[in-house]
Amino acid sequence: MARQTGTVDRVLKSMDPAEAVTLNDFRCARQAEYRHGNRNRCLKGTRGTILDEIELWACDSYKAPVYWLNGLAGTGKSTIAQTIAERLFVEGRLGASFFCSRDFEDRSDLRFIFPTLAVQLARTHTEFRSILVTLVRSDPEVAHESLYGQMNRLIVQPLVESEISTVIVIDALDECKDDEPASAILSVLGQFVDQIPKVKFFVTGRPEPRIRNGFRLPLLAKVTDVFVLHDVEPGRVNSDIRLFYKHNCSEVKSRQCGLDDWPTEEQLDLLCERAAGLFIYAIATVRFIDLKNMNPRKQLDRLIRSQESGSEGKTKLGAGATLDSLYTTILREAFGDDDPENDPKVRSVLGAVILAANPLSPSAIAAILGFDDVADVYPLLSSVHSLLILQENFDHPVQPFHKSFPDYIVDPTRCTDSRFCVHPPDQHTELLIGCLELMNQRLERNMCKLPDGVINTEVKDLNWRAEQHIDKALEYACRSWHKHLNDTRPAQKLKITPILHQFLEEKFLCWLEVLSVLGATREAVDAMERIEKWSDLPRTLDLTRDYFRFVLTFFGVISTSAPHIYTSALPLSPQTSIVRELYEQHACPLTRVVQGLPTSWDLIPATMYHEHILGSVAWSQCNRFIAVAKSEVTEILDVATLERLNTFESHPPRNRSLSFSPDGHTLTQFYEEGLNSWDVQTGGPVGAVFSSDVDIDDFLSSAYSMDGKILAVSGSSYRDSTLTFTIVTYDLLSWTHTRSYHVPEGRIIPPIWTHGGCLRFATVKPGSIEIWEAEFTSVHTPAITESYATPDEIADIEQSHFLFLPALSQLAFAVQDTVSVWDVRDSRFLLKHGPIPTSEDFKMSFSSDGRLFSSTVGREIYVWKRSLPSYGLHQKLTFPSAGAEPLFSPNGESIVAAGHRSIRVWRTRDQILSPPNVPVYESHSSFILGFSPKNALSASVRLLGTTVTIRDLQSGDTRLTIDASMKIMYLRVTRSAVAVAGEGRVIIWNIPEENCVGARASVKDSAHIATLDLPGPHLYGSREESISADLSRIVVLMYAHDPQMSNRLQIHDTSTGRLLAGLEPFPHAYSHVDLGEHEVWCNFGTYANGWEVTEDRESGTTTLKPLSADMRPQQPPPWGSQCGYEVTQDGWVLSPTKKRLLWLPHHWRSSHRDRIWSGRFLGLKHNGLPEAVILEFLE
């Protein structure tokens, strides 16, 4: 090993320091390489045949590129893999190795395998390194891609470009968590192995179903050699085991005197017989015999004598029984006779070793289980040293020596001595309570002493601070306490709940700080979800749901900056939230919310903005993921955090629809001429169909056959000005288009569905709805199976919207400005609501059980809940853009909508989410906002709204509320007056003195009203307006509907409405107009036109004279700060000195044009909230 380590060190020393930093910072598993850990290598002279065969395979380029060493537990797979890796390294042919282990989260996570192998290849191959470093620097997120993307970009492409010839070792693949029926890693390997013919893969693993199925995949089966370790001739294995015993006993004899005749040949024969071909038995036996400070001769005698007298034998469990007998013997020899005081401690400590989510050290076990000192734990562990990997360092993690021991000790049919048998529910309860009590005792504010306002990555010594202030016991408790929760006994809830409440009510934010520093904020989401499933107590659920919303809403800042939990997240939490009530005294705001702080979580969805246009959305069957079609790719997102989990390249970019398979393993994208399918876990392509004769332009729905082999898709198209409906079926085994048929009459209603092995769909025509049935594989024409009458309201089906719910035979339709739900079988209305504008943006959806129904108009989403005998309004939601189609999760607990550049997810279980005083089906949700000079007052009104609010910015009190009785498009406020414009009028009010609070006014209270001479709205559409600072003049930009007509600019007197000056034709469309004292400027981005406003007092005329662009005042537009504040793309508000003052949550972010700065005040005029937001920055 010295030679190997030296070689690696020389490679690392030759690496450029900047490249080393890039590789060290790359996301990969730690200590997964063969050089780490305490794995044994094959004893010289043993396993010769299999080792020689593997080495011949590795050297022969004509041999298959993949080798599977298949063996049952205890047959020595990992020992052989370790030996092969060492030999290949010495020979210079080892590229990388990954030793999987279910004891470590990163080494049991499939997503770490390819990045870790890539880093190792880069450290040993210069050509590979230059390619990988360039890739990682250009795309740091490449490690988070799908398995398919990782393999392609991190392994295959660099190997192809560098032309490296090497061997890669992957040991114990069965120990990785994998939900696929066939191993996801093997599935990806099969798709790429032929592209890298100079690279060989040596893989070991138990013959579990997913491993067997993976190697049976057609692409992999033909390129794999298999060696079945447990089928090796018993005589050859026993010979190797005997040699192993002799060698190790000789080493023991060399260290101790008086063992010349030990062991006897009879004893060796007996040991070999009991090993029954399992090397793990032989290893455990030697470790027991060679315990420190024990007599080897007596140890062997005890072992043989104990097993002879035990009740377990090979006749009961075969080879497994020999291990069981050995483990029982070792435990009894270690702990002697029954000891009522010590036996529970034994179970607790061994249970912590076996059931911990990640391996714990003796000192951590002592801290979590509440022992006074590690000295109470370490001797106990030392007693069973032969069964564990135990170092003399108390802080080094302890692990079972072999995974057969955990399997044995938790199974009462195998571990028949109740003194030692670990009962997982009891032990999980003990670990949970220990973790909670440890956190309650040790967690405190700012444990790592981070500076105020920083993000975690700005703290250069963050890892050192974490190591100094968060020991391994506390780290485990923070990361893993919740992983024990759902495995506890229900009877223990009363014992657990008070401790859990103390943690939630006193230490919750401190816990989030630690998770943030450790990069483990996602654990908080998982913890809240687990508590919600575990508890039925109202207080627990109230706390959990409130904290769940806190974590989801502020996930971005919690995961990025621990200090901003108190600087951004807590100060921006809703006024009535529990987290604010319990922790507000700990807030350290650098910002004051003057206006717009939400009253409750109900008004805040989980939101994410994209840089690309978003389209179709699909839910996975497990309710945890959504797929979203973007402009050129399709992404799988975590529903809770909206983090990207997988990315698939998809095309064409328009008119796509998405669907998960019933088992959730594949995702299919439909487009005009075919479909593409991907494996959800690996990200690799499963199949594709291209068929030019498919006659579908707009997709409606899809359905799978019961066996998942046939996929049917329904859609519509316009041909010769006629709307036709088509159903297409695809064979998912041969990946071919099997048939298409047009619906003979009427209009097909989504969805299509599976019923009794057949395909069903519904059509509607005036007077009736008909249910059709067809065989998935038959060429026969579909036949009508049921027919029902429809209400008289359904007449013009071309201009109506329809949706059917097969489970309850309910028909939803929108016709004649009314949305209705009709019970088809009982012929009665369950919902009838209107009037509403049933335009093209109108959408409808049902939850799968019919409990919920949504109707969408423009930006407004109405969720109706069924309460017998009809539906009642349950929620009112707002989406930033029109036309998004909401979709209920399979369990009906969430609803998602995607469109334009935004995704929003809401929970459906809560109360009505309607902002107060928002008109039904209001088509505009943004605000008009203005500040008076020197920021004494603000004025705000919803765009096209009628109510103006004047607020004192220092006290936050509402000074005046005005009912303008007209739709307002512009306003301007001074210290003493406010002017509004809209519908061709300008109205001005005087503002009461400072000591007046809560005054109200209407049109009759105005100082004066002026009517402007403007062309009618049928001639001119959108307008941009601006009122001068002294409120004496107003400029209006008008854009003509008819392209033959010209745009106009007009300046009017606000007191009389008289036209002072105008320009026609007006050359451009502008996004902003500003009227100063002597000039008017029109801006479109950085482009600007200006005119000098000149008034002749004698003649009373006003003229406009063009100004050159360089004469424009050098000041930022209203959405830019005059004082040097800045809002970054990722939502941070920076002070003039670039200090991070606030992180804007997603629901407060919008285009920069929806922001208005005035000194230290920032106004947010975005969509979807009850009122505009006004923030004052205190630094």
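Keep in mind it's a predicted model, so treat the numbers as computed, not measured.

Before we move on, can you summarise the environment of D337 with the specific residues and values?
On the secondary structure map, D337 appears in the loop between α16 (319-335) and α17 (342-355). Relative accessible area serves as the criterion here: at 69%, D337 is assigned to the exposed category. Each C-alpha atom, one on D337 and one on R419, is 9.6 Å from the other, the two residues being 82 residues apart in sequence.

Break down the packing of helix α11 (residues 234-255) against helix α13 (residues 279-289) for me, with residues and values.
Closest axis-to-axis distance for the α11/α13 pair is 10 Å, and the angle between their directions is 15 degrees. One way to sum up the angle between α11 and α13 is to call them roughly parallel. In this structure, α11 meets α13 at a crossing whose hand is right-handed. On α13, the residues that touch V237, D240, I241, F244, Y245 and N248 of α11 are F279, Y281, A282, I283, T285 and V286. Class assignment of the residues belonging to the contact of α11 with α13 gives a composition of nine nonpolar, two polar and one charged.

Tell me about the UniProt feature "domain: NACHT" (unreviewed entry) in the protein chain, residues and numbers included.
In this numbering, the UniProt entry assigns the feature "domain: NACHT" (unreviewed entry) to residues 65-207. Across residues 65-207, the secondary structure splits into 45% helix and 17% strand, with the terminal C-alpha atoms separated by 20 Å.

Outline the sheet that holds strand β4 (residues 199-205), supporting the account with residue identities and numerical values.
The strand order across the open sheet formed by five strands is β2-β3-β4-β1-β5, and the pairing between neighbours is parallel. With partners counted over all chains shown, the strands left at the sheet margins are β2 (94-99) and β5 (224-228), one partner each. Taken pair by pair, the neighbouring strands of this sheet meet at an average axis angle of 15 degrees, ignoring direction. Relative to β4, strand β1 (residues 66-70) runs parallel, the two sharing five bridges. Each residue of the ladder has a partner; that of V66, found in β4, is F201. Here helix α5 (residues 113-124) sits on the sheet in contact with β2 and β3 (166-171), set at roughly 150 degrees to β2.

Lay out α5 with the relevant residues and their values.
Between its first and last C-alpha, α5 extends 17 Å over 12 residues, near the 16 Å set by a 1.5 Å rise per residue. When α5 is considered as a whole, its buried residues turn out to be I113, F114, P115, T116, L117, A118, V119, Q120, L121 and A122. Buried-residue contacts for α5 involve α2 (17-25), β2, α6 (126-138), α7 (147-162), β3 and α8 (184-192).

Before we move on, can you summarise the pairing of strand β32 (residues 860-867) with the specific residues and values?
Here strand β31 (residues 852-857) pairs with β32 via six bridges, running antiparallel. What sits directly across from S855, in β32, is Y862. The antiparallel pairing of β31 with β32 creates a hairpin that spans two residues between the two strands, and G858 there sits at a positive phi of about 60 degrees. As paired elements, β32 and strand β33 (residues 870-878) share eight bridges and run antiparallel to each other. In the strand pairing of β33, E860 is matched with T878.

So what about unusual backbone geometry? Which residues, and what values?
With an omega of 0 degrees, the peptide bond between G834 and P835 qualifies as cis. The step from L868 to P869 runs through a cis peptide bond, and the omega angle for that step is 10 degrees. Position of P869 relative to the elements: it lies in the loop between β32 and β33. Residue Q31 is not a glycine yet carries a positive backbone phi of 60 degrees. By the secondary structure assignment, Q31 is in the loop between α2 and α3 (48-59). In this structure, L944 takes a positive phi of about 70 degrees despite not being glycine. Following the sequence through the fold, L944 ends up in the loop between β37 (937-942) and β38 (947-952). Judged by its relative accessible area of 26%, L944 is partly exposed.

I'd like a rundown of the packing of aromatic side chains, residues and numbers included.
Inspection of every chain in the model, using the stated rule, returns 36 aromatic pairs. On the basis of an interplanar angle of 70 degrees and a centroid distance of 6.3 Å, the ring pair of F554 and W601 is categorised as edge-to-face. With a gap of 47 residues between them, F554 in the loop between α27 (538-553) and α28 (555-560) and W601 in the loop between β8 (591-595) and β9 (606-614) connect regions that are remote in the sequence. As far as the burial class goes, F554 and W601 line up, both buried. One aromatic cluster is present, built from ring pairs that chain together W481, F503, F508, W511, Y547, F550, F554, W601 and W1143. The ring of Y566 carries R445 above its face, with NZ or CZ at 3.7 Å from the centroid. Over the aromatic face of W534 sits the side chain of K493, whose NZ or CZ is 5.6 Å from the ring centroid.

Calculation rules
Residues numbered from 1 in each chain as written. Predicted model: local features only at pLDDT ≥ 70, side-chain atom pairs only at ≥ 80, totals over all residues. Heavy atoms only, no water. Helix = DSSP H or I, 4+ residues; strand = E, 2+ residues; numbered from the N terminus. Buried < 20%, exposed > 50% of the residue type's maximum accessible area, 1.4 Å probe, protein only. Axes fitted to C-alpha atoms, helices over the stretch in contact; angles between N-to-C directions. Parallel < 35°, antiparallel > 145°, perpendicular 65-115°, else oblique. Left-handed = near helix turned anticlockwise from the far one by under 90°. Contact = heavy atoms within 4.5 Å. Nonpolar A, V, L, I, M, F, W, Y, C, P; charged D, E, K, R; others polar. UniProt positions renumbered as here; feature names shortened; annotations may be inferred. Pairing = 2+ DSSP bridges. Expected span 1.5 Å × (residues − 1). Phe/Tyr/Trp six-rings, centres within 6.5 Å; stacked < 30°, edge-to-face > 60°. Lys NZ or Arg CZ within 6 Å of the ring centre and 35° of its normal.

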